Amino acid sequence: MTAGTTTSGTAHTGDAGGSTHENEARKAMSVPLRFRLNGEDIEMQVKDAGAPLLDVLRHDLGLTGTKSGCEIGYCGACTVIVDGEAVPACLQMAGLLEGRDVRTIEDLGGPGGLDPVQRAFVEEAGFQCGFCTPGHVMALRALLDEDPAPDEEQLRTAVDGNYCRCTGYVKILDSARRAVALQTGAAQAGAAEAGAADAGAGDVGSAPGQELR
Ligand code: FES
Ligand code: FES
C-alpha cells in the first residue's frame, strides 16, 4: 500500500490546496516514511516528522477507528499496537515509526468474524456510546497476544489507562474476562480441529483399499 502524496497535518487543516509552487515547496519539506500498517507495507510522505501517529492514521490515511480524545496520553481512546505493545497513538511521533509494525482497530475482525476481544464486548455489552471501545479492544488485544491466559490483575492493568465515561467499567472488565474465555476456547477448538484432522488423515491412510490424495 502506498500513500505517496499524503502529507500529515495538511488534509485536516484545509490548506491542502495552493499553487503548484506551494505544493512543490510543501512536498520538498515532507519526510518519507515507511512502516508496516495492519499487515501491509506503507510508504508515504509526512509533512512533519513530529506529527502524531494519531493524525497520520485519522487524517492522512482515513483510519478513523482510532479515536481522538485528550491527545496528551491520558485517556487511551487512541490506543494502537506498535511492535506488539499497546501505546497511545497521540504520543507516537510519525518520524519514529520508520520500519515499525503498527496495528489499529481496523486490523481486527473481518469477513470471517470478529476478533475474540471484539466479540466479547458485544456479548457482554461492554460499551454504550462506543467511543472508548477501540482503545479498550486494542489494549486487551496486545495483552492477549502476549499472554493468552492473563490473570485478573493483568486484565485490570491492561485497561487502567483507558477511560470510559459511560459504562462504569464493570461491563468492560466482564468483557475482558470473556475475551480470555473466547480466545482460550478458540485456541482449544483450533487444537481439537487440528487433532481431528490428523486423526482423520490417519483413518484414511489406514483404511483398507484407500489412498491418500
Ligand atoms: S487521545 Fe491519546 S491518550 Fe487520549
Ligand atoms: S462507552 Fe462511551 S466512553 Fe466508553
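Here we summarise the structure given alongside this text. (Residues numbered from 1 in each chain as written. Chains lettered and ligands numbered in written order. Predicted model: local features only at pLDDT ≥ 70, side-chain atom pairs only at ≥ 80, totals over all residues. Heavy atoms only, no water.)

Moving on, we get to the environment of Gly84. Considering the arrangement of structural elements, one finds Gly84 in the loop between β4 (79–82) and β5 (85–88). Along the sequence, Gly84 and Asp101 sit 17 residues apart, while their C-alpha atoms lie 7.9 Å from each other. (Helix = DSSP H or I, 4+ residues; strand = E, 2+ residues; numbered from the N terminus.)

Tallied over the full model, the rule gives twelve salt bridges. Arg177 serves as the salt-bridge partner of Glu152, at 2.8 Å between the closest nitrogen and oxygen. Taken together, the residues span a long stretch of sequence, with Glu152 in helix α5 (residues 152–158) and Arg177 in helix α6 (residues 170–206) at a distance of 25 residues. Residue classification places Glu152 among the partly exposed positions, given a relative accessible area of 30%. (Salt bridge = Lys/Arg side-chain N within 4 Å of Asp/Glu carboxyl O. Buried < 20%, exposed > 50% of the residue type's maximum accessible area, 1.4 Å probe, protein only.)

One finds Val117, Phe121, Val137, Leu140 and Leu155 to be the most contacted residues of the largest nonpolar core, which totals 23 residues. Elements with a contribution of two residues or more to this core: α3 (116–123), α4 (133–146) and α6. Residues Val46, Leu61, Val87 and Ala89 belong to the second largest nonpolar core, which totals 21 residues. (Core = buried A, V, L, I, M, F, W, Y, C linked by side-chain atoms within 4.5 Å.)

For the rest of this paragraph, the subject is the packing of α3 against α4. Between α3 and α4, whose axes approach to 9 Å, the crossing angle comes to 130°. Between α3 and α4, the angle is such that the two are oblique. Crossing hand, α3 versus α4: right-handed. Touching Pro116, Val117, Gln118 and Phe121 of α3 are Thr133, His136, Val137, Leu140, Arg141 and Leu144, all from α4. A per-class count over the contact of α3 with α4 returns six nonpolar, three polar and one charged. (Axes fitted to C-alpha atoms, helices over the stretch in contact; angles between N-to-C directions. Parallel < 35°, antiparallel > 145°, perpendicular 65-115°, else oblique. Left-handed = near helix turned anticlockwise from the far one by under 90°. Contact = heavy atoms within 4.5 Å. Nonpolar A, V, L, I, M, F, W, Y, C, P; charged D, E, K, R; others polar.)

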